[in-house]
Structures are given as C-alpha cells and as structure tokens.
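Structure assessment
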Amino acid sequence: MRINRERLQDSMERLGRIGATPRGGLTRLALTDEDRRGRDLLVEWMRGAGLAVSVDQMGNILGLRPGADALPPVLMGSHADSVPTGGTYDGQLGVLCALEAIRSLNDARTETRHPVGMVIFTNEEGARFQPAMIGSGVMAGKIPLEDAYNARDRDGIRLGDELERIGYLGGEPCVPRPMRAYLELHIEQGPILEEQGLPVGVVEGIVAIAWSRLTLHGVQDHAGPTPMRIRHDALVAAAEVVRGVREISRQVGGDMVSTVGRLDVVPNIPNAIPGRVVMSIDLRDPDDTRITRALGALDRVVRDAARREGVQYELEHYWRVPRTDFHPDVIDAVERAVGSLGCGHRRIFSGAGHDAQYMAAIAPTGMVFVPSKAGRSHCEEEFTALDDIEHGANTLLLAAADLAQPA
Ligand SMILES: [Zn+2]
C-alpha cells in the first residue's frame with residue numbers, strides 16, 4: 001500500500017493557491033477569509049473521501065473513517081493556518097498527507113479495526129491570536145475555552161467572533177477524546193535531515209524550553225558631556241549578556257540552543273546613554289538537566305556583566321516547559337513503517353512546538369519529519385522535495401494503518 005504522489009502534489013498546489021503570495025509563499029492567517037476558503041476546500045475533499053466531518057467549539061475540523069470495531073480512532077493531523085509571508089509546507093503538508101493517507105486506505109479498500117481519521121487544528125501558528133497551538137491546547141484541556149474565545153488580534157477582534165463569522169464555530173465539545181494514537185507529519189524546520197541526506201525523521205519528542213526576562217538598570221545620561229569613566233550603560237551590560245548567552249550553549253554542550261531575541265532599550269535615542277534594557281532569553285534542549293545547568297550559567301553571565309558595568313538587574317525565569325516525550329509504541333510504529341520502505345531515516349527531536357505537544361498529554365503521540373531545504377521555514381523560501389514528501393507520506397500511511405490494526 002502506497003500513497004498517490006500525483007494526487008498529493010495536485011492537492012498541495014490547489015490548496016497552496018488560497019492565500020498564495022507572488023513569490024511562491026503563503027499568507028493564510030487563522031480565521032481570515034483565506035483560512036475559511038482553505039477550510040472549505042479541505043472539508044469538501046474530506047467528505048469526498050467518505051469521512052464523517054464535524055467541527056468542534058474551537059473550529060477544529062475532524063473527519064473519521066469508520067473502523068470494523070467500536071474503538072478509539074487513530075488520528076492524523078496538523079494545522080492549515082500560516083504565518084504572514086510564510087511557506088506552503090508548514091502545517092498544510094501534514095494536513096494533506098493525512099488526507100492522502102486516508103484516500104490511499106480507500107483505494108486499497110483497507111479495513112482497520114480502529115477508525116482512522118484526520119484533524120485540522122485552529123490557530124497553531126499564533127501569528128494572529130496568542131497563544132499559539134490554541135485549538136489543540138483547548139482540546140487537551142490546557143487552555144480554558146473562554147480564554148481562547150477572548151483572545152484578540154492586533155485590531156481587537158475576538159477569536160470567538162471570527163470563528164462565528166467564517167462559519168466554523170462548531171457544536172462538538174472541544175475536550176480530550178479517547179484516541180488510539182495521534183500522528184503528525186511536519187517539516188523539520190531545521191537542517192539535520194537535509195545535511196545527512198535522510199528523507200524521514202522519526203520524532204522522539206519536543207525539546208524542553210525555558211524563557212527568562214532580564215531587566216538591566218543603568219544610569220541614563222547625556223551622550224556628550226558624560227565621560228566614559230563614570231558611565232553605567234545598561235546596553236553595554238546587555239551586549240555582554242547577549243555574547244554570554246551565545247557562549248552558554250557551547251559550554252553546556254549537547255543540542256542546547258540559546259537565543260536573545262528581544263531587546264527593549266530606554267530611551268532608545270542617539271544622544272542618551274541607555275538607562276534601562278529589558279531583554280528575553282530563550283533556552284532549549286532535549287535534556288531538562290542541561291536546561292537547569294544553562295539557567296545556572298545564565299545567572300553567572302548576568303551577575304558578571306552587571307558587576308563589570310556597575311548596573312543593577314532583575315532576572316526572572318518565568319516560563320519553563322519540560323520536554324515532551326512521544327509514546328514508545330507510536331515511535332516504534334513510525335520506525336517500522338519507514339524501515340519497511342527501505343529509505344534512510346534517523347531519530348530526531350523537535351526544536352519547535354507543534355499541536356502534537358498538546359496531543360501527547362491526552363493520547364499516545366508521535367511525529368514524522370521531512371527535510372526542510374537549508375533548514376528554513378516561516379518564509380517564502382520554505383521547500384521540501386516531492387521525493388522526500390512521498391517517503392514521509394508513506395511512512396505516515398503505514399504507521400497509521402499499523403496502529404489502527406488490520407481488520
Ligand atoms: Zn507548523
């Protein structure tokens with residue numbers, strides 16, 4: 001049993017036209033008119049594949065193919081929203097490979113004991129409404145439904161109102177549901193598979209993440225008359241911290257990545273010594289103990305930088321999520337599937353969050369990665385070769401069929 005490559009390619013092209021940008025990318029923000037048109041097309045295709053389609057209170061779209069027995073379903077899914085001037089693979093590819101897997105089960109007249117289905121999650125990207133992964137977060141019971149409805153975009157428009165406006169405020173309760181397994185195919189969004197020439201990644205989990213906020217209090221003063229020897233410049237201390245944060249990942253080793261992504265400088269004008277800087281620090285690693293070591297190293301980096309420049313500071317470690325481990329049975333099913341295809345693969349950790357992270361809290365979960373050209377995503381240049389997509393989609397199909405058990 002194999003997927004139909006031409007049919008998958010055709011679906012990718014047709015869905016990719018909705019919200020297409022002139023340079024080959026995609027702008028289809030959650031719950032916009034483009035999102036509605038994309039959803040309408042997907043629902044039409046899902047019904048065409050014989051699925052019983054329902055929409056839940058968060059606008060998550062679910063389609064089920066019956067099984068031989070009354071058992072919990074194997075669900076495959078991802079998201080159909082994009083970031084502004086994003087690519088046509090992030091999210092959309094996972095949804096279309098799920099659909100293609102179901103179409104292929106139909107072609108082969110395969111009967112399974114468990115129902116097999118697909119799910120399209122609302123507002124995964126968090127580009128329009130925060131937080132990200134809100135549809136799966138509510139389903140997993142991690143985000144209250146009312147909070148999700150009250151999320152507002154930058155124009156003050158409520159998520160709940162937009163769901164209603166585009167016709168996707170469904171009646172199905174958005175609550176944890178029994179599942180045999182949840183499987184998500186996604187682009188890697190990093191360079192590892194491409195560098196190693198492997199078409200498929202068997203995802204073991206999602207990295208642990210820690211976010212810290214550092215406020216440095218220097219002395220704001222005139223950039224002209226103030227001699228260098230009496231300055232306490234918050235931005236100079238911040239610059240040392242930026243360099244130090246880069247060093248932390250080298251010291252701690254492993255797969256640690258460390259980033260300062262945001263810097264707010266006060267007063268941020270050419271002729272004043274910066275009096276205050278607020279900055280973000282993002283630390284990620286598959287190993288929680290390395291995160292703890294990195295936070296200790298961060299404390300030292302900040303203390304030393306502040307002492308050298310004679311500035312005060314507050315360092316808050318305000319958000320930390322432990323690593324998500326996918327289910328061994330699902331990881332094994334994915335590995336068996338790709339092994340039976342005879343194509344190259346390796347186990348890999350995800351450095352980015354996905355709907356699968358929330359699903360892992362309520363169902364045995366796993367993911368299939370396909371390579372990202374030059375590791376790039378969230379941009380119009382996002383690209384995955386069709387040969388790799390075909391291997392990934394076949395892996396998804398065979399793993400889902402295996403988990404759903406032949407009837
Ligand atoms: Zn995505």
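Model, not experiment: these values are computed from the prediction.

1. What to know about the nonpolar core
One finds M76, L93, M118, L159 and L183 to be the most contacted residues of the largest nonpolar core, which totals 93 residues. Top contributing element to this core by residue count: helix α12 (residues 386-404), with 11 residues. Not counting residues up to four positions away in its chain, the partners in contact with L183 are L75, M76, G77, V330, V334, G366, L396, A399, A400 and L403.

2. Concerning the pattern of salt bridges
Applying the stated rule across the entire model yields 31 salt bridges. Across the pair R177 and E172 runs a salt bridge, and its minimum N-O distance is 3.6 Å. A single network of salt bridges, built from pairs that share partners, joins D33, R128, D153, E162 and R165.

3. Side note on the coordination of the zinc ion
Listed as protein donors to the zinc ion are H79 (NE2), D90 (OD) and H186 (NE2); their distances from the metal cover 2.0 to 2.2 Å. All donors of the zinc ion belong to a single chain; written as a sequence motif, their spacing is H-x10-D-x95-H. In this pair, D90 is assigned in the loop between β3 (74-79) and α3 (92-107) and H186 in strand β5 (residues 181-187), connecting sequence segments 96 residues apart. For the pair shown, D90 and H186 are each scored as buried.

4. Examining the state of the cysteines
This model, assessed by the stated rule, comprises 0 disulfides. Distance from the sulfur of C379, which forms no disulfide, to the nearest cysteine sulfur (C97) is 19 Å. Exposure remark for C379: the relative accessible area of 9% places this residue in the buried category.

5. Regarding the environment of A363
Tracing the sequence through the fold places A363 in the loop between α11 (355-359) and β16 (365-370). Taking the C-alpha atoms as reference, A363 lies 33 Å from S280; in sequence the two are 83 residues apart.

6. Observations concerning the packing of helix α2 (residues 33-48) against α3
Contact pair α2 / α3: the axes reach a minimum separation of 10 Å and the direction vectors enclose 15°. Between α2 and α3, the crossing angle belongs to the class labelled roughly parallel. For the pair α2 and α3, the sense of crossing is left-handed. Here L42, W45 and M46 of α2 lie close against α3, whose contacting residues are V95, L96, L99 and R103.

7. Observations concerning the packing of helix α8 (residues 234-252) against helix α9 (residues 288-309)
Angle between the axes and distance between the axes: these two values describe a pair of packed helices. It is at 9 Å that the axes of α8 and α9 come closest, and there the two elements cross at 150°. With respect to α9, the element α8 is oriented roughly antiparallel. Note on packing geometry: the crossing formed by α8 with α9 is right-handed. Contacts between α8 and α9 involve V236, A237, E240, V241, G244, V245, I248, Q251 and V252 from the first element and R290, R293, A294, A297, L298, V301, V302, A305, R308 and E309 from the second. The residue makeup of the contact of α8 with α9, split by class, is 12 nonpolar, 2 polar and 5 charged.

8. Here we look at unusual backbone geometry
With omega at 5°, the peptide bond leading from Q130 into P131 counts as cis. Among the secondary structure elements, P131 is positioned in the loop between β4 (116-121) and α4 (134-139). Between V266 and P267 the backbone carries a cis peptide bond, its omega angle lying at 5°. Within the fold, P267 resides in the loop between β10 (263-266) and β11 (272-273). One non-glycine residue, T85, lies in the positive phi region at around 40°. Note that T85 resides in the loop between β3 and α3.

9. Some details on the packing of aromatic side chains
Here the structure, examined in full by the defined rule, presents 3 aromatic pairs. Here Y89 and F383 contribute two aromatic rings whose centre-to-centre distance is 6.0 Å and whose plane-to-plane angle is 80°, an arrangement assigned as edge-to-face. With Y89 in the loop between β3 and α3 and F383 in the loop between β16 and α12, the pair connects residues that are 294 residues apart, well separated along the chain. Judged by its relative accessible area of 10%, Y89 is buried. With relative accessibility at 37%, the residue F383 sits in the partly exposed group. The ring of Y168 has R39 lying over it, and the distance from NZ or CZ to the ring centre is 5.0 Å.

10. Focus on the layout of surface pockets
If you add up the space inside the largest pocket, you get close to 1,300 Å³. Surrounding the largest pocket, 45 residues form its lining, I209, R284, G351, A352 and G353 being those nearest its centre. Among the secondary structure elements, those contributing two or more residues to the lining of the largest pocket are β7 (208-217), β9 (257-259), β12 (276-285), β13 (312-321), β15 (345-350) and α11. With 5 residues, the top contributor of residues to the lining of the largest pocket is β15.

Criteria and thresholds
Residues numbered from 1 in each chain as written. Predicted model: local features only at pLDDT ≥ 70, side-chain atom pairs only at ≥ 80, totals over all residues. Heavy atoms only, no water. Core = buried A, V, L, I, M, F, W, Y, C linked by side-chain atoms within 4.5 Å. Buried < 20%, exposed > 50% of the residue type's maximum accessible area, 1.4 Å probe, protein only. Helix = DSSP H or I, 4+ residues; strand = E, 2+ residues; numbered from the N terminus. Contact = heavy atoms within 4.5 Å. Salt bridge = Lys/Arg side-chain N within 4 Å of Asp/Glu carboxyl O. Donors = N, O, S within 2.8 Å, 3.2 Å for Na, K, Ca; no water. Disulfide = S-S within 2.5 Å. Axes fitted to C-alpha atoms, helices over the stretch in contact; angles between N-to-C directions. Parallel < 35°, antiparallel > 145°, perpendicular 65-115°, else oblique. Left-handed = near helix turned anticlockwise from the far one by under 90°. Nonpolar A, V, L, I, M, F, W, Y, C, P; charged D, E, K, R; others polar. Phe/Tyr/Trp six-rings, centres within 6.5 Å; stacked < 30°, edge-to-face > 60°. Lys NZ or Arg CZ within 6 Å of the ring centre and 35° of its normal. 1 Å grid on protein atoms, 1.4 Å probe; cavity = no way out; pocket = protein on both sides within 12 Å on 5 of 7 lines; lining within 4 Å. Points joined across faces, edges and corners; volume = space filled by probe spheres on them.

These figures come from the coordinates and say nothing about function on their own.
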